[in-house]
Amino acid sequence: MTTTYSSRVPAAAAPAGIAAARATDLSKVYGQGETKVVALDRVSVEFRKAEFTAIMGPSGSGKSTLMHCMAGLDSVSSGSALIGDTELTKLKDKKLTKLRRDRIGFIFQAYNLLPTLNALENITLPLDIAGRKTEQAWLDRVIETVGLSGRLKHRPSQLSGGQQQRVAVARALASRPEIIFGDEPTGNLDSRAGAEVLGFLRNSVRELGQTIVMVTHDPVAASYADRVVFLADGRIVDDMSGPTAESVLERMKNLDARVRTN
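Residues numbered from 1 in each chain as written. Predicted model: local features only at pLDDT ≥ 70, side-chain atom pairs only at ≥ 80, totals over all residues. Heavy atoms only, no water.

### Comments concerning the nonpolar core
Phe-52, Ile-123, Leu-148, Leu-201, Phe-230 and Val-248 are the most contacted members of the largest nonpolar core, which has 46 residues in total. Ranked by residues supplied to this core, first place goes to helix 6 (residues 191–208) with 8 residues. The contact partners of Phe-230, leaving out residues within four places of it in the chain, are Met-56, Arg-235, Ile-236, Val-237, Asp-238, Asp-239, Met-240, Val-248, Arg-251, Met-252 and Leu-255. (Core = buried A, V, L, I, M, F, W, Y, C linked by side-chain atoms within 4.5 Å. Buried < 20%, exposed > 50% of the residue type's maximum accessible area, 1.4 Å probe, protein only. Helix = DSSP H or I, 4+ residues; strand = E, 2+ residues; numbered from the N terminus. Contact = heavy atoms within 4.5 Å.)

Next comes the structure, spelled out in structure tokens:
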């Protein structure tokens, strides 16, 4: 993906000290003995409400693992992961599934839209599955924020990649989750479409008070965030506020050099 996005929209002020999610001494280990891999090594981090956070790091640094553990998509080996005041490691499968459905939104590279449903039906699908009534005023606001008003009756095959990802963004926002996790949400898009989607994510934080945590490899994508958390070797090694593409790129170069010398 090229990095010729438009300039970042100024960030909204986030309520200080209020955590939508947090990890404390979180570790994730795969395998054992000679095949043991420590993906996360006692990570402690908070993701504040109404803030857009990007997670970055070299390949294999643990950034996607951290997001998956925080979103309840993967178990943790030790430590804790909380959404609000709810400790994920203490939930049984049924309650964890309910929490993910009711309190967390997801946006991934693969748009995961159902081809037989139109855009509006895809947006409201999680609410329909949960048997929850759509809040029409909120839904209208979300659709307006992501710029889909004229495309609601179109099926995914009739939409561009950027439009499909906007549907995925709207779907994540529609249930008013406490936090949205995105794993390379613009990774399959060209630079223009990527800029549009990042702008919509930025607007959802500023205008709707949404909390977003996004894993990305792209310094320009990260520059849309309020904050960037950097991982290397399964540990948090830096935390940057008010990032620019240039400052993030410089930090990533330093991390890549560090990985190569270890």
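### Structural notes on the confidence of the model for the protein
Note: predicted coordinates in regions of low pLDDT should not be interpreted at a detailed level. Looking at the protein, the pLDDT average stands at 87 and 92% of residues meet or exceed 70. Counting contacts from residues 1–16, a segment whose pLDDT is below 50, to residues more than four positions away or on other chains yields 44 contacts. (pLDDT = per-residue confidence, 0-100.)

### Topic: the packing of helix 4 (residues 136–146) against helix 5 (residues 161–174)
Packing of helix 4 against helix 5 leaves a shortest axis separation of 10 Å and a crossing angle of 150°. Judged on the interaxial angle alone, helix 5 and helix 4 are roughly antiparallel. By crossing handedness, the relation of helix 4 to helix 5 is classed as right-handed. Contacts from Trp-138, Leu-139, Val-142 and Val-146 in helix 4 reach Arg-166, Val-169, Ala-170, Leu-173 and Ala-174 in helix 5. Grouping the constituent residues of the contact of helix 4 with helix 5 by class yields 8 nonpolar, no polar and 1 charged. (Axes fitted to C-alpha atoms, helices over the stretch in contact; angles between N-to-C directions. Parallel < 35°, antiparallel > 145°, perpendicular 65-115°, else oblique. Left-handed = near helix turned anticlockwise from the far one by under 90°. Nonpolar A, V, L, I, M, F, W, Y, C, P; charged D, E, K, R; others polar.)

### Re the pairing of strand 10 (residues 235–241)
On a regular strand, each side chain points to the face opposite its neighbour's, so the side chains alternate between the two faces of the sheet. Inspection of the sheet shows strand 9 (residues 227–232) paired to strand 10 by 6 bridges, in the antiparallel sense. Bridged to Leu-231 within strand 10 is Ile-236. Linking two consecutive strands that pair antiparallel, namely strand 9 and strand 10, is a turn of 2 residues; a positive phi of about 55° is found at Asp-233 within it. (Pairing = 2+ DSSP bridges.)

### Digging into the sheet that holds strand 6 (residues 104–108)
With respect to topology, 6 strands assemble into an open sheet ordered 6-7-8-3-9-10, the strand pairing being mixed. Every other strand in the sheet has two partners, leaving strand 6 and strand 10 as the edge strands with one partner each. The sheet shows a mean angle of 20° between the axes of neighbouring strands, direction not considered. With 4 bridges joining them, strand 7 (residues 179–183) and strand 8 (residues 212–215) adopt parallel strand pairing. Counted as the bridge partner of Asp-183 is Val-215 from strand 8.

### Thoughts on unusual backbone geometry
The phi dihedral of Ala-50 is positive, around 60°, even though this residue is not glycine. Residue placement: Ala-50 occurs in the loop between strand 2 (37–48) and strand 3 (52–56). Ala-50 gets classed as buried once you look at its relative accessible area, which sits at 14%.

### Remarks on helix 4
Within the span of helix 4, buried status applies to Trp-138, Leu-139, Val-142, Ile-143, Thr-145 and Val-146. Looking down the long axis of helix 4, one finds its buried residues gathered within 160° of arc, a one-sided arrangement. In helix 4, those exposed residues whose orientation departs by more than 90 degrees from the buried face are Ala-137 and Glu-144. Once helix 4 finishes, Gly-147 follows within two positions and takes phi at roughly 70°, a positive value. (Arc of directions from axis to C-beta.)

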